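# Summary of structural features
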Amino acid sequence: INAEYGDPSPDTLTLTLTLGGNDARSERHRAAIPSVTGPPPLPPVAEDCGMNATPASQAATNNAEDDDDAVPELPPGYQSTNQRLIIPKGQLAEQTTVALDEDQIADHLEAHWQAPDNTDGCRVFSAVLGGIHLYCFPPSPSLGRNFWSICTMGVSGTKMNVPEGVENPEAFERCELMCYLPGSWSFPAALCMGGDELTPQNWPLEMLRSLGSYVSQTGAWLSEMHGIPNLCSTPPGQPFCNGTKLASTILLTPVTEAPTFSTMTINPGGARVNFWLVVPLTAAEAQWKRDVGAPESIFYVVGDKETYGDEIVIGYVIDPQRQCAVEDLEIDKQLAGQSAESPG
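Bear in mind that the values here come from a model prediction, so they are computed numbers and not experimental data.

## Considerations on the overall build of the protein
Broken down by element type, the protein carries 6 helices and 10 strands. Taken across its 344 residues, the protein has 53% of its residues classed as buried. Nonlocal contacts in the protein, meaning residues at least 24 apart in sequence, comprise 69% of its contacts between residues at least 6 apart. Summing over all exposed atoms, the protein offers an accessible surface of approximately 15,000 Å²; the carbon and sulfur share of this is 49%.

Encoded structure:
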């Protein structure tokens, strides 16, 4: 998998551009990112998007046990009630994606995403045969949220193999993944079974679950600015479904959330869980990111459309029919041209 580890840190960008107001949004995105989420640069990996590629950050898995059914490693003395845990009747051997503590994580999500005006619409998509579950919170006018908020439940049960050289690695070992969908989104009746084709209704859900399964099956590290192609297609990196150009992803800090949202601590034990926002990209945008790094590409076109309107090409809320920043709008060429014209 081309996980594209090793993008420059946000602090390395020195070029000031004024393309359509996106520079202001870019700076807002940087300013909102907590400094703790900025590990040192890592070496790039091969550009092979095939399933046999091995990310540099996954090297530690070569020495790990091959038992996919192993119980997730927990902090010393840790005990979990898992009162909300949704599992099949009878524990299945394939059930390896149990959240570090589903009860505490669900409390965290509810504290930020649930209110009296949306409680009745909250739902959980359960993976019937074992796997990543999805907690879904509908729009809430009282919270100022006109979109669905979706979060995985189960990725945090895997302690990811953070590469050597990352400062404070224990702060990046566990995560859950999230995305935003329009308030009018039509949801499927259930999650996909093995071999089911992705549809315009279910692909964002399966996008999250495929990334979570990738972590649980390999122990590979996912963190901010990492990019991963569509893992649901063969070969990886094809459009998620008919009718959209979106075919890859980038992980970002959910900067529009309250400061208390993006990380939480599981007690007892003190394990940290990060919440990463998964934003789909087109194949051309993913290549642009690989070529110059996220801060000098995606950060100039991603943002909150509620605040910045049409100045933003890639909104945090998924729009399957949006234009491609590279192929349709050629923003990469505009930025490159302004860079060439800048003094020095």
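## A word on helix H3 (residues 203-218)
Under the 1.5 Å per step criterion, the end-to-end length of H3 is 22 Å for 16 residues, consistent within 8% with the ideal 22 Å. With 13 of 16 residues buried, H3 lies mostly within the body of the structure. One or two steps after H3, the chain reaches Gly219, where phi turns positive at roughly 75 degrees.

## Some details on the pairing of strand S6 (residues 246-252)
By the criterion of burial, S6 is predominantly enclosed, with 7 of the 7 residues buried. Here strand S5 (residues 227-229) runs beside S6; their pairing, made up of 3 bridges, is antiparallel. Within the sheet, the bridge partner assigned to Ile228 lies in S6 and is Thr249. Summarising the sheet, S6 and strand S8 (residues 271-282) pair through 6 bridges and their orientation is antiparallel. Its bridge partner lying in S8, Thr249 is registered against Pro280.

## What to know about the packing of aromatic side chains
Using the criterion set out here, one finds 8 aromatic pairs in the structure. An aromatic cluster of three or more residues is present, and its members are Trp113, Phe137, Phe261 and Phe275. The positively charged end of Arg272 is found above the aromatic ring belonging to Phe172, 5.8 Å away from the centroid.

## A look at unusual backbone geometry
In this structure, Pro235 follows Thr234 across a cis peptide bond, with omega equal to -5 degrees. Examined against the element boundaries, Pro235 turns out to sit in the loop between S5 and S6. In this chain, Asn267 is followed by Pro268 through a cis amide linkage whose omega measures -5 degrees. Along the chain, Pro268 falls in the loop between strand S7 (263-266) and S8. Of note in this structure, Glu330 is not a glycine but carries a positive phi near 55 degrees. For Glu330, the location among the structural elements is in the loop between strand S10 (314-315) and helix H6 (331-341).

## Here's the deal with the nonpolar core
Membership of the largest hydrophobic core comes to 42 residues, with the highest contact counts inside it found for Ile105, Leu109, Met178, Phe275 and Trp288. Examining the composition of this core, we find that 6 residues originate from one element, S8, more than from any other. Setting aside residues up to four positions removed in sequence, Phe275 forms contacts with Ile105, His108, Leu109, Cys151, Glu176, Met178, Pro254, Phe261, Ser262, Thr263 and Met264. Membership of the second largest hydrophobic core comes to 41 residues, among which are Cys175, Leu211, Phe240 and Trp276.

## Details of the environment of Ser140
As for its position among the elements, Ser140 is in the loop between strand S2 (133-137) and strand S3 (147-153). Taking C-alpha positions, Ser140 is 7.6 Å from Gln114, a pair spaced 26 residues apart along the chain. A distance of 3.1 Å separates a polar atom in the side chain of Ser140 from a polar atom in the side chain of Ser142.

## Focus: the pattern of salt bridges
Taken as a whole and assessed by the stated rule, the structure comprises 6 salt bridges. Where Lys159 meets Glu173, a salt bridge forms, and the shortest distance between an N and an O atom there is 4.0 Å. Residue Lys159 is located in the loop between S3 and strand S4 (175-182), and its partner Glu173 is located in the loop between S3 and S4; the two are separated by 14 residues in the primary sequence. The shortest N-O distance in the salt bridge between Arg322 and Glu285 comes to 2.7 Å. Taken as a pair, Arg322 in the loop between S10 and H6 and Glu285 in helix H4 (residues 283-292) lie far apart in primary sequence, 37 residues in all. Both residues of the pair, Arg322 and Glu285, belong to the buried class.

## Thoughts on the environment of Tyr180
Residue position: Tyr180 is located in strand S4. Assessed through its relative accessible area of 1%, Tyr180 is described here as buried. The spacing of Tyr180 and Phe137 is 43 residues in sequence and 9.7 Å in space, taken between C-alpha atoms. Tyr180 has contacts with Arg145, Phe147, Trp148, Ser149, Pro254, Thr256, Glu257, Leu277, Tyr316, Val317 and Ile318, leaving out every residue within four places of it along the chain. Of note is the side chain of Tyr180, whose polar atom sits 2.6 Å from the side chain of Glu257.

What counts and what doesn't
- Residues numbered from 1 in each chain as written.
- Predicted model: local features only at pLDDT ≥ 70, side-chain atom pairs only at ≥ 80, totals over all residues.
- Heavy atoms only, no water.
- Helix = DSSP H or I, 4+ residues; strand = E, 2+ residues; numbered from the N terminus.
- Buried < 20%, exposed > 50% of the residue type's maximum accessible area, 1.4 Å probe, protein only.
- Contact = heavy atoms within 4.5 Å.
- Areas by Shrake-Rupley, 256 points an atom, 1.4 Å probe, with all protein chains shown as cover.
- Expected span 1.5 Å × (residues − 1).
- Pairing = 2+ DSSP bridges.
- Phe/Tyr/Trp six-rings, centres within 6.5 Å; stacked < 30°, edge-to-face > 60°.
- Lys NZ or Arg CZ within 6 Å of the ring centre and 35° of its normal.
- Core = buried A, V, L, I, M, F, W, Y, C linked by side-chain atoms within 4.5 Å.
- Polar contact = N/O pair within 3.5 Å; in protein donor to acceptor, adjacent residues only side chain to side chain.
- Salt bridge = Lys/Arg side-chain N within 4 Å of Asp/Glu carboxyl O.

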